[in-house]
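Given next are the chains, with one letter for each unit.
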Amino acid sequence: MWISQALVLVLLLAFGLNPSVLVSGSIHCRLRGISRPPALFREGDFVIGGVFSFHSYVRIVEFNYTSQPEPMQCTGRMFSRELRFARAMEFAIGQINNRSDLLPNITLGYRIYDSCSAVPMAVDVAFQFANGQETDIVIDASCPQVASVAAIVGDSSSTPSISMSRVLGLFRIPQVSHSATCACLSEKQQYPAFFRTIPSDHYQAAALAQLVKHFGWTWIGAVRSDSDYGNKGMASFLKAAQMEGICIEYSVAFYRTNPRSKVKRVADVIRSSTSRVIVAFMASGDLRILLEEFALQPPPRLQWIGSESWVTDPEMQKFQVFSGAVGFSIERSVIPGFRDFLLNIPAAQLSQSTLLKEFWQDTFSCYMPGTKSSVDADQGVKICTGTEDLNTVQIPYTDTSQLRITNLVYKATYAIAHAIHGAVCENSPHSVSQCYKNIYHIFRLFFHVQVFVQLKKVNFTINGYSVMFDGNGDPVATYELINWQKSNDGAIQFVTVGRYDASQTKGHEFSLFRNITWVDGRGEVPVSVCSASCPPGSRKATQKGRPVCCYDCVPCGEGEISNDTDSLDCVSCANEYWPNSKRDECLPKPVEFLAWDEVLGIILAVCSIAGACMVVAVAVIFYRHRSSPIVRANNSELSFLLLFSLTLCFLCSLTFIGRPSEWSCMLRHTAFGITFVLCISCVLGKTLVVLMAFRATIPGSNVMKWFGPLQQRLTVVCFTSVQALICTLWLVLSPPFPLKNMMYYKERIILECNLGSAGAFWAVLGYIGLLAVLCFVLAFLARKLPDNFNEAKFITFSMLIFCAVWITFIPAYVSSPGKFTVAVEIFAILASSFGLIVCIYFPKCYVIVFRPEQNTKKHLMGKVPSKAL
């Protein structure tokens, strides 16, 4: 009972009556205004309403406030495509009435209205469906008359459908739209009685965003209808595009009733843009207005991406600017027998319907009898006979090659029929369903609610197409990707090149199975980016104040790479890796050390071996002349020991060449330290021998007794043992070890021997230096002692060279990087060794080989004047 009272209250408010009249019992109401007759109608046991946008404008009437306003009327050109939709509803109802398995013994009727794609007209139609068409109504507690239709098919666009649904939803009168795609209509709290056979724009927006991303367009423009369809559809697309990393250069909107100045501003924005791809989320009527503006001043050639509203509209095919356009549309379908139904309009129906008369007159450029006076006929105006053949014309009404939205009208009508069947019929598995046509009159207050409940449950297949609704009243979203391609005769054709199925797993919804012909008939994908892609080896740096798709390509920094296109950041290579020249790959750093096969290594090795061979040659000469005075006079035992140590000095430099290893690192420094101390110890012993020999010539001196051969050997052993002890402690406590040094150079690794203990290394060098200085001082003091062949002079020169080499070695060693550190150390070893062999032994060899006459005891004792020396 409370539902009845609430319904009465709504009706009273709709009629402008005071609700207080409820207390007086029954109420007699008169409908204000004039009820509009339907454009197409048929009586039946149950009536289905239909709302289509046959026209696009409403005639504006100025109110004078002195007489009753005239009812609103649609004006403008008629869209025959919308008439085809309405006729699809008629065709479906005709089929249903002839079926024995669906609503048997029940006749469905219809009332089809023109909304003019305008909110006021759509709301007016909605109230007519809710209130009925009676001019006088008596309202009492039983509320005898509620909705005049069981359900409604329509409207063809979102904004009128939203307005209708707000009214119809109050009464739970089901509304099934074939073309209203606004995602907002899925909100059941606001639109509880709304259903549709076309997918929500939520899915179309996601499909368009995936399409744009698939072809690499990151810089696009967007234009939309300034309506619920355009605004909310574009909002969904912009959100999806943002998630896909797509930037929008501009997003503009207008409506077909806006002043031309606003349309011109929108056109100017598009003309001046830098993006070459534009997404148009628009109704066909709005897009035509924009194209008329472009006809005055064409924009640059653009790649158009269309929404389902216009991308398969046959009336848009005449605009060549859309050649190569792509967009998603409802799946193409076939309705058997529908074309014959379209082409055969009964003469009786034609004469009774004002809408069909208008269509006939527009199609055949004639006038139906009674619409023009006989005077006009006498002036040559063509009169329609009603027998004209629709087969002879090519208009959207007769085009059944692309039945897309038409099939959705067909499915919507069948969905309502199945819902009515569920409300009034009892299905029997063994016999024909039993239907009760009088149930409407018994339960008319709740009948449309029962249809609403049954509509949620429908699940059937018609002509191979499944029909069902989810919890939001939406169908499964499937689209075809349409490409506008030119045929051989230059005509535009709608070619299906791909598919989008929202029921597939994420990432696999979109698929292509044919090549696309792009703008200007090109086969390559057009480019529309704000900034060109950054190649591997660089990263993107966003330009200040601009979208993220506008960026500069900055080369990766030192030691960094990027191996992907359009990398946001560069990554650093691992410590032992370094970028290649393109900075797109990390390569192992080249390992640098003084190798045997490089030029510097070969030169130093040759010098080392040459020095050793030279020492061996001197040793051979000395050995062959070991009994000669010059060899015997210079302590032959120390001379041969010194030659042996010099050989080791030359050869120890070879341990510095090659790849450092744990053993080579320990050997090179200890061998160098011990052999050089052995060498200097021998030289120091020879110096002491010279000093003591001349000291022994002083009467009463027996100094040679205390510095004989044994003491000389012990001196060498003691000095060498100290160095050996230092090296032993070094190797035990903190031995040298191979190290990959990455401090000198970032791009390569220096493989060197770490000293382990720098103090031990400098102790080794310091001890060698101490002995060398001591030897130099003693030799310097003995340089003027009388003798034709005073060896102290040559030792002085050799120690002077030795000290000079090792003093200059210290700064050179510290400052030389990498393998040159090793080269400097080898050079110091070779230079000092050559200094010793040349200064000490070459003069003697010269006398032995080239001046044998001077190799006598008398000459050495200074009793024979010397000319050579």
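Since the structure is predicted, the reported quantities are computational estimates derived from the model, not experimental observations.

Moving on, we come to the overall build of the chain. For the chain, the count of helices and strands is 24 helices and 31 strands. Each of the 869 residues in the chain was classed as buried or not, and the buried ones make up 52%. Here the chain displays about 40000 Å² of accessible surface, and carbon together with sulfur accounts for 58% of that area.

The feature "transmembrane region" (unreviewed entry), as given by UniProt, occupies residues 599–623, 638–658, 670–694, 714–733, 760–782, 794–814 and 820–842 in the numbering adopted here. Structurally, residues 820–842 comprises 100% helix and 0% strand, and the distance from its first C-alpha atom to its last is 31 Å.

So, on to a nonpolar patch on the surface. On the surface, Leu725, Leu729, Val732 and Leu733 cluster together into a nonpolar patch covering about 440 Å² of accessible area. With respect to the helices and strands, leucine 725 occurs in helix α20 (residues 709–733). Judged by relative accessible area, which is 51%, leucine 725 ranks as exposed.

On to the packing of helix α2 (residues 80–97) against helix α13 (residues 405–424), then. With their axes 8 Å apart at the nearest point, α2 and α13 run at an angle of 35° to one another. In this structure, α2 meets α13 at a crossing whose hand is right-handed. On α13, the residues that touch Arg81, Arg84, Phe85, Ala88, Met89, Phe91, Ala92, Ile93, Gln95 and Ile96 of α2 are Ile405, Thr406, Val409, Tyr410, Thr413, Tyr414 and Ala417. A breakdown of the residues in the contact of α2 with α13 according to their chemical character gives 12 nonpolar, 3 polar and 2 charged.

Time to look at the packing of aromatic side chains. On inspection of all chains with the given rule, the structure shows 30 aromatic pairs. Seen from their ring centres, phenylalanine 650 and phenylalanine 834 are 4.7 Å apart, and the 70° between their planes marks the pair as edge-to-face. One end of the pair, phenylalanine 650, is in helix α18 (residues 636–652); the other, phenylalanine 834, is in helix α23 (residues 819–850), and 184 residues separate them in sequence. Taking the relative accessible area as the measure of exposure, phenylalanine 834 reaches 24% and is therefore partly exposed. Ring-pair connections join several aromatic residues into one group, and the members of that group are Phe294, Trp304, Trp310, Phe319, Phe322, Trp484 and Phe494. Directly above the ring of tyrosine 551 sits lysine 540, whose terminal nitrogen or CZ lies 4.8 Å from the centroid. The ring of tyrosine 745 carries the charged tip of arginine 748 above its face, separated from the ring centre by 3.5 Å.

To continue, consider the pairing of strand β11 (residues 219–225). Of all 7 residues in β11, 7 are buried; the element is thus mostly enclosed. Side chains Trp219, Gly221, Val223 and Ser225 project from β11 onto one buried face, and the interleaved Ile220, Ala222 and Arg224 project onto a second face that is buried too. Examined bridge by bridge, β11 and strand β12 (residues 247–254) share 7 bridges and lie parallel to one another. Bridging across to β12, isoleucine 220 finds its partner in isoleucine 248. For the segment spanning β11, helix α6 (residues 228–243) and β12, crossover handedness is right-handed. In this sheet, strand β13 (residues 277–281) lies alongside β11 in parallel orientation, the contact comprising 4 bridges. Directly across from glycine 221, in β13, lies its bridge partner isoleucine 278.

Attention now goes to the state of the cysteines. In the structure shown here, the tally under the stated rule is 10 disulfides. Here cysteine 556 pairs with cysteine 570 through a disulfide, and the sulfurs are 2.0 Å apart. Disulfide cysteine 556-cysteine 570: torsion about the S-S bond near -80°, hence left-handed. Of this pair, cysteine 556 sits in the loop between β24 (551–555) and β25 (560–561) while cysteine 570 is found in the loop between β25 and β26 (571–572), placing the two residues 14 residues apart along the sequence.

For the chain, per-residue confidence averages 83 on the pLDDT scale, and 86% of positions sit at 70 or higher. Within the model, the stretch residues 1–24 combines pLDDT values under 50 with 35 contacts to residues more than four positions away or in other chains.

This part covers the sheet that holds strand β9 (residues 175–177). Taken in spatial order, the 6 strands line up as β2-β6-β3-β8-β9-β10 in an open sheet, and their pairing is mixed. At either end of the open sheet lies a strand with only one pairing partner, and these are β2 (40–42) and β10 (194–196). Between one strand axis and the next, the sheet turns through 25° on average, direction left out of account.

Counting residues in hydrophobic clusters, the biggest one holds 103 residues, and the most contacted among them are Phe237, Trp360 and Ile420. By residue number, the principal contributor to this core is α13, which donates 13 residues. Leaving out residues up to four positions away in the same chain, phenylalanine 237 has contacts with Ala205, Leu208, Ala209, Val212, Ile220, Ile248 and Val279. In terms of nonpolar packing, the next biggest core, distinct from the first, is built from 69 residues, Leu643, Trp730, Val822 and Ala831 among them.

With mixed pairing, 3 strands are arranged side by side in an open sheet as β29-β31-β30. Both outer strands of the open sheet, β29 (591–592) and β30 (737–741), are each paired with one neighbouring strand and no more. Across 2 bridges, β29 lies against strand β31 (residues 749–754) in parallel orientation. Counted as the bridge partner of glutamate 592 is isoleucine 750 from β31.

Along its 20 residues, α13 runs 29 Å from first to last C-alpha, staying within 8% of the 28 Å computed at 1.5 Å per residue. Taking burial as the measure, the 20 residues of α13 include 18 buried ones, the bulk of the element.

For the rest of this paragraph, the subject is unusual backbone geometry. Glycine 154 connects to aspartate 155 through a cis peptide bond whose omega is 0°. Residue position: aspartate 155 is located in the loop between β8 (151–153) and α4 (158–168). Residue aspartate 566 is not a glycine yet carries a positive backbone phi of 60°. Residue placement: aspartate 566 occurs in the loop between β25 and β26.

Packing of helix α16 (residues 599–624) against α23 leaves a shortest axis separation of 10 Å and a crossing angle of 25°. Comparing their axes, α23 and α16 come out roughly parallel. Judged by the twist between their axes, the crossing of α16 over α23 is left-handed. Along the contact surface, α16 presents Leu600, Leu604, Cys607, Ser608, Gly611, Met614, Val615, Val618, Ile621 and Phe622, while α23 presents Phe820, Ala823, Ile826, Leu830, Phe834, Ile837, Tyr841, Phe842, Lys844, Cys845, Ile848 and Val849. Across the contact of α16 with α23, the residue classes tally to 19 nonpolar, 2 polar and 1 charged.

Moving on, we get to the side chain of serine 163. Tracing the backbone shows serine 163 in helix α4. A residue is classified by how much of its surface remains accessible, and serine 163, at 16% relative accessible area, is buried. In this view, serine 163 contacts Val119 and Val123; residues no more than four positions away in its chain are not counted.

Cut-offs and rules
- Residues numbered from 1 in each chain as written.
- Predicted model: local features only at pLDDT ≥ 70, side-chain atom pairs only at ≥ 80, totals over all residues.
- Heavy atoms only, no water.
- Helix = DSSP H or I, 4+ residues; strand = E, 2+ residues; numbered from the N terminus.
- Buried < 20%, exposed > 50% of the residue type's maximum accessible area, 1.4 Å probe, protein only.
- Areas by Shrake-Rupley, 256 points an atom, 1.4 Å probe, with all protein chains shown as cover.
- UniProt positions renumbered as here; feature names shortened; annotations may be inferred.
- Patch = residues over 30% accessible without salt bridge, like charges linked within 9 Å, V, L, I, M, F, W, Y side chains within 5 Å.
- Salt bridge = Lys/Arg side-chain N within 4 Å of Asp/Glu carboxyl O.
- Axes fitted to C-alpha atoms, helices over the stretch in contact; angles between N-to-C directions.
- Left-handed = near helix turned anticlockwise from the far one by under 90°.
- Contact = heavy atoms within 4.5 Å.
- Nonpolar A, V, L, I, M, F, W, Y, C, P; charged D, E, K, R; others polar.
- Phe/Tyr/Trp six-rings, centres within 6.5 Å; stacked < 30°, edge-to-face > 60°.
- Lys NZ or Arg CZ within 6 Å of the ring centre and 35° of its normal.
- Pairing = 2+ DSSP bridges.
- Right-handed = clockwise from strand over helix to strand, strands pointing away.
- Disulfide = S-S within 2.5 Å.
- pLDDT = per-residue confidence, 0-100.
- Core = buried A, V, L, I, M, F, W, Y, C linked by side-chain atoms within 4.5 Å.
- Expected span 1.5 Å × (residues − 1).
- Parallel < 35°, antiparallel > 145°, perpendicular 65-115°, else oblique.

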